[in-house]
Each structure stands twice: as C-alpha cells, then as structure tokens.
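Chain by chain, the residues:
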Amino acid sequence: MAEEDFPNTTHEGFNVTLHTTLAVTTKLVRPSPAKPILPVQTGQQAQQEEQSSGMTIFFSLLVLAICIILVHLLIRYRLHFLPESVAVVSLGILMGAVIKIIEFKKLANWKEEEMFRPNMFFLLLLPPIIFESGYSLHKGNFFQNIGSITLFAVFGTAISAFVVGGGIYFLGQADVISKLNMTDSFAFGSLISAVDPVATIAIFNALHVDPVLNMLVFGESILNDAVSIVLTNTAEGLTRKNMSDVSGWQTFLQALGYFLKMFFGSAALGTLTGLISALVLKHIDLRKTPSLEFGMMIIFAYLPYGLAEGISLSGIMAILFSGIVMSHYTHHNLSPVTQILMQQTLRTVAFLCETCVFAFLGLSIFSFPHKFEISFVIWCIVLVLFGRAVNIFPLSYLLNFFRDHKITPKMMFIMWFSGLRGAIPYALSLHLDLEPMEKRQLIGTTTISIVLFTILLLGGSTMPLIRFADIEDARARRRNKKDVNLSKTEKMGNTVESEHLSELTEEEYEAHYVRRQDLKGFLWLDAKYLNPFFTRRLTQEDLHHGRIQMKTLTNKWYEEVRQGPSGSEDDEQELL
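Cut-offs and rules
Residues numbered from 1 in each chain as written. Predicted model: local features only at pLDDT ≥ 70, side-chain atom pairs only at ≥ 80, totals over all residues. Heavy atoms only, no water. Patch = residues over 30% accessible without salt bridge, like charges linked within 9 Å, V, L, I, M, F, W, Y side chains within 5 Å. Areas by Shrake-Rupley, 256 points an atom, 1.4 Å probe, with all protein chains shown as cover. Salt bridge = Lys/Arg side-chain N within 4 Å of Asp/Glu carboxyl O. Helix = DSSP H or I, 4+ residues; strand = E, 2+ residues; numbered from the N terminus. Buried < 20%, exposed > 50% of the residue type's maximum accessible area, 1.4 Å probe, protein only. Phe/Tyr/Trp six-rings, centres within 6.5 Å; stacked < 30°, edge-to-face > 60°. Lys, Arg positive; Asp, Glu negative; His and termini not counted. Contact = heavy atoms within 4.5 Å. Core = buried A, V, L, I, M, F, W, Y, C linked by side-chain atoms within 4.5 Å. Axes fitted to C-alpha atoms, helices over the stretch in contact; angles between N-to-C directions. Parallel < 35°, antiparallel > 145°, perpendicular 65-115°, else oblique. Left-handed = near helix turned anticlockwise from the far one by under 90°. Nonpolar A, V, L, I, M, F, W, Y, C, P; charged D, E, K, R; others polar. Expected span 1.5 Å × (residues − 1). Bend = angle between axes of the 7 residues up to and from the residue. Disulfide = S-S within 2.5 Å.

A. Region of interest: a nonpolar patch on the surface. A contiguous nonpolar patch, built from F162, W249, F252, L253, L256, L260 and F264 and spanning about 730 Å² of accessible area, is present on the exposed surface. Top element by residues in the nonpolar patch is helix α11 (residues 248-283). It accounts for six residues. Mapped onto the secondary structure, F162 falls in helix α7 (residues 146-173). With a relative accessible area of 48%, F162 lands in the partly exposed category.

Put into structure tokens, the structure is as follows:
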C-alpha cells in the first residue's frame, strides 16, 4: 500500500510545486495588470482587412490629389484673396455632398472610406504638422516673446477651457441646453479651446502686419494646440476614474498634478531628445553623406512622439519642443544640402497633412452621424467667443506692465478675432470616450459647427477687419493695394529661409552674437554657452566644401535640364 501511495503523493507534490513555481514565475514576468493581446488576423479575414485598408488609402490619396489640383488652380489663376484652408474645406463639403448623392442612388458605398479616423490623425497627420511648426519658428521673435506666448498659451487656454466648460455645465443645470456632467463639460471646453489661425497667419504675412502681433498669434497657436490636448487628456483621465468619493478640491489637485506631469514631463522629454540629436550630429560628422544625415534627422524628428506616447506622456508636446530645439541647435550641424532638404520636405509633408485634415473636415458634414441642437451650438459659440475675450484682454493688459513693445487695443482685438478653430478640436471630439452615443454625436456635431463658423465666417472677414482697423504696415498697404497673396503654398515654394542656412565661422559667430551688448537673459546664456556647446562652428574649409557641394549639385541639375528632349537654346537663355 505504501508503495502504491508513494507515486501518487509524489505526483501531487510535484503538481503543487510546479503550480507554485509557475505562479511565482508568472508574477515576476507578466506585468500587472496584463495587457490584452490582440488576435492576429489570418486567411480571408486578413485579406478583407487589407482590401479595406487599401481602399481607405486610395480614397485618401484621391481626395488629396483633387485638393492639390484646387490649390494649383488658385495659384495659377491668381485667386490670392481666398485662403487655401477655406477653399479646401469648401471643396470637402462639395465632395461630401456628391458622395452622399452617389450613395443615395446606390451606385457605390464609401461610408467606411470617407469616415475620418482619429487614430490616423494623431499618429500620422498631426505629428508632422506640429513638428514643422516648431521647426520653422522665427527664433528671434519667439524667444523675445516667450513669456507672453507661454502666458497666452498655457494660462489663457486654461481660462478659456474653464469659461466654456463651466458655462456649458451651468447652462445644462439650468435646463437651457442639454445637460453634461462636470468632467464632460470641461473636456469639451478644453478641446474647443485649441486655436488654428491658418487663414489669419496667411493674411498677416500677406499684409505685413506688426511682426510682434504675428508672432504672438502664431506662437500662441502652436503651444496652445499641445496644451489643449493635455487638458483634454486630463479631463478624460478624470472621467475614467471613480471620483464619487473624492471631494472637489482633491479632484482639482489631481487634475493639476496630472496636467503638470504631462506638460513639463513631455516638454522635458522633447527638449532632451532635441539636445541629444544636436550632440550626436555634432560629433558624428555625416555632412559628406547627406542621405544618411537626412535619415538621422527624420528618425530624431519622430522619436520623441513615439517615446512620449509609450510612457503615457503627451507626444504632441514632446515633438513640438523637440522641433524647436532641433531647429535652434541640430539644424546648424547639418550640411547646406540637408538644411534645404529638411526645410522643403517638412513644408511639403505638413502641407499634405493639413490639406488632408481640412478636406476630411469638410467631408465630415455628410459622413458623420449628427445630432444637431441649435440652442447648444449657439450658446457654445457665444461661450467660445467670450472665453477667448476673457483670455486675451486681461492677460494683454497684465503683460503691458512688463513689455517694452506694448500690445495695443487694436492688436488685442485682432488676437481675439483670430482665434479660429481647426482640425484638432474635431479630431479630439471624435476621440472622446463618451456615453451614451447621443452625447458623443452632440459634441461632434457642435464641434464641426464651431470649426466651420470660425474658419468660413471669421477667417473670411479677417482681411477687411485688419484693413478697417488700420493695423497693416503703410508701405505694405500701398504695395498690396492691387494684389494680396494669401497662398501659403506659393510663398513656401518660392523661398528658402536664410535664418535656417548657417554659414557662420567661429570668428563671425563671436562677432555677431557673443560680443553684442543688448543680449540678456536666456538669449545671452544661449549665445555664450549653449549654442557653442551644442552646435558645430564652421571653419573656412567647411564653408568652402559646403559651397562646392551646392555648386556641384546645381551644375549637375542644370546639365540634366540642358540634355532634356525639349531643351533648346531659347529655353536655356530664358533659364539663365
């Protein structure tokens, strides 16, 4: 009997030991809680997914091609008075109407392809737009106005979010509009506070308004997008948690802590990535192989976004600060060929992404399931305008106590009026996890209405308002009286920013910056210590090699043009 029981006992003990070992090993290896593993699609299901994705890509590229043709026609026929963003949104509305008629006639079904996907926006379209904005900043005006821009972008956006969110919540409690709880109201107030004055900036550049006003509006809009996204994520984080047993003060402190972690953590990560890229390209000289140099820049451009999203920070905030730092330091370690290539590539990619977003914004009028409440839309527009006013006017008067270049009342009014809404509020509204579905549709429809109202009405009336307010430069007014060019694409294609072409030797840099007596604060620290540490100063030999490289490429291109089948002496003479 003992011999028979022994194997069973041993077997049971082995099972217990194995179960305990596996449990401990699992606890050590697997994270807690375990992340769900997505099933791998195979066979027919995978083929259907590939076909669907292929049709979506085809439809998106087709829409983009039609929009490019439209922009080309605007430039060719000199319709410079019409901002490209307004034209593309209008084209999107027209295309959506045509597709709706085709679906009604049952000739085709493109509902899935024309639907705007928030994940595609945040992963593919938004990062290049934000990075290019930070990379192409006019650094002098930006850093000189960094205090004012930060105040408008951070505190001003928070004020606007609280005004809009609080107004929606209390109006709902008073049964004036549909009811939303506090966190949903704040989430909507945060997402709708993201400004996108693309049309306004084009008008500013065309009319040559005060460069300080231009930088205040442009700089605020860049930082404001990232702040708005962080605020919306903060509100979503509060929604996911069970806050029933937490007091209002504790809720506020949790939200503040989350916002500060996201803002400063993401900004620090982006800044650190940009500085590392500067040191890498300073000490690893890739200037003789521009293709490798350009590839390294593209990697560093997208690297902070993926890392920040992977560790639960804001990828948009990280890639924005990375773009600013890489433009200020890393860019000057590149060869002249790569410098020009980076400028033109980023501009082209950002243009394509912006165009795609505005086109799908117009398409969404017919592709998105709507719930339209006229009272909710009107009150939200009033609150958005009022929140913008509470943001701009008090902060401007406060800043004038510390600024040498004062913000005039006319400039304040233009800044308030230029608070257009763009694609980011629309994408954020689709990204919100709201229940029930009617609430999500109400927020999406209202957001689309506000975006179209600000782009088409406010954006279309900005130029007459600027001329009526007499903010335009006098010489520019005489020059632009007959022809005003609002084409951002045409201007980008015809210019290369000299600020981004670094050809200063060690002696020239010291003469231009280090010995200047008017530098103070961060500008002095940057010129004295940071810039020399993170950037490579050119020798006369480097400068000579860079010019030879540019001349060789130009001659090679010209020889290829001359050898073309349609080349003639008249064509060559005209080219020269």
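We are not done yet, so read on.
B. Representation of the packing of aromatic side chains in the model. This structure, assessed with the given rule, holds 13 aromatic pairs. Between Y329 and F534 the ring centres are 5.4 Å apart and the planes differ by 45°, which places this aromatic pair in the tilted class. In this pair, Y329 is assigned in the loop between α13 (315-328) and α14 (336-367) and F534 in helix α23 (residues 522-534), connecting sequence segments 205 residues apart. Per residue, the accessibility class of Y329 equals that of F534, and both read buried.

C. Main features of the pattern of salt bridges. As enumerated under the stated definition, the model contains four salt bridges in all. Linking K371 and E373 is a salt bridge whose minimum nitrogen-to-oxygen distance equals 3.9 Å. Judged by relative accessible area, K371 falls into the partly exposed class, the value being 29%.

D. The environment of P394, seen in detail. Tracing the chain through its elements places P394 in helix α15 (residues 374-399). With relative accessibility at 46%, the residue P394 sits in the partly exposed group. With 18 residues separating them along the chain, P394 and M412 place their C-alpha atoms 9.7 Å apart.

E. View of unusual backbone geometry. Of note, D175 is a non-glycine position whose phi angle comes to about 60°, a positive value. Examined against the element boundaries, D175 turns out to sit in the loop between α7 and α8 (182-191). Of note, the phi angle at S312 is positive, near 65°, even though the residue is not glycine. Looking at the secondary structure, you find S312 in the loop between α12 (290-310) and α13.

F. Region of the structure containing the side chain of E132. Among the structural elements, E132 can be located in helix α5 (residues 118-135). Among buried Asp, Glu, Lys and Arg side chains, E132 stands out as unpaired, with R347 the closest opposite charge at 4.9 Å. In contact with E132, other than residues within four places in its own chain, are L346, R347 and A350.

G. Focus on the nonpolar core. If you look at the biggest cluster of nonpolar residues, it comprises 119 residues, and the most contacted ones within it are F121, I168 and F188. Residue contributions to this core peak at 13 residues, all from helix α10 (residues 211-240).

H. Quick peek at the environment of S461. Looking at where S461 falls in the secondary structure, it is placed in the loop between α18 (437-458) and α19 (462-469). Judged by its relative accessible area of 25%, S461 is partly exposed.

I. Summary view of the packing of α14 against α18. Two elements in contact, α14 and α18, have axes separated by 11 Å at closest approach and are oriented at 125°. When the axes of α14 and α18 are compared, the pair comes out oblique. As for how α14 packs across α18, the hand of that crossing is left-handed. Counting all contacts with α14, which are made through F358, L361, S364 and I365, the residues of α18 involved are I448, V451, L452 and I455. Partitioning the contact of α14 with α18 into residue classes produces seven nonpolar, one polar and no charged.

J. View of α23. For α23, spanning 13 residues, the distance from its first C-alpha to its last is only 15 Å, which falls clearly below the expected 18 Å at 1.5 Å a residue. The largest bend in α23 is about 35°, located at K528, with the proline P532 one to four residues further on.

K. Focus on the packing of α12 against α14. For the pair α12 and α14, interaxial distance at closest approach is 10 Å and the crossing angle is 45°. Here α12 lies oblique to α14, going by the angle between them. Remark: the crossing between α12 and α14 carries right-handed chirality. Facing α12, whose interface residues are P290, E293, F294, M297 and I298, α14 presents V337, T338, L341, M342 and T345. Among the residues making up the contact of α12 with α14, the classes are represented as seven nonpolar, two polar and one charged.

L. Summary view of the side chain of S190. Along the chain, S190 falls in helix α8. For S190, a relative accessible area of 0% translates into the label buried. Here S190 is in contact with A161, S228, L231 and T232, once residues within four sequence places are set aside.

M. Highlighting the state of the cysteines. Per the counting criterion, the structure on display carries zero disulfides. Just so you know, C356 is unpaired, no disulfide at all, and the nearest cysteine sulfur is the one on C353, 7.4 Å from it. Given a relative accessible area of 8%, C356 falls into the buried group.

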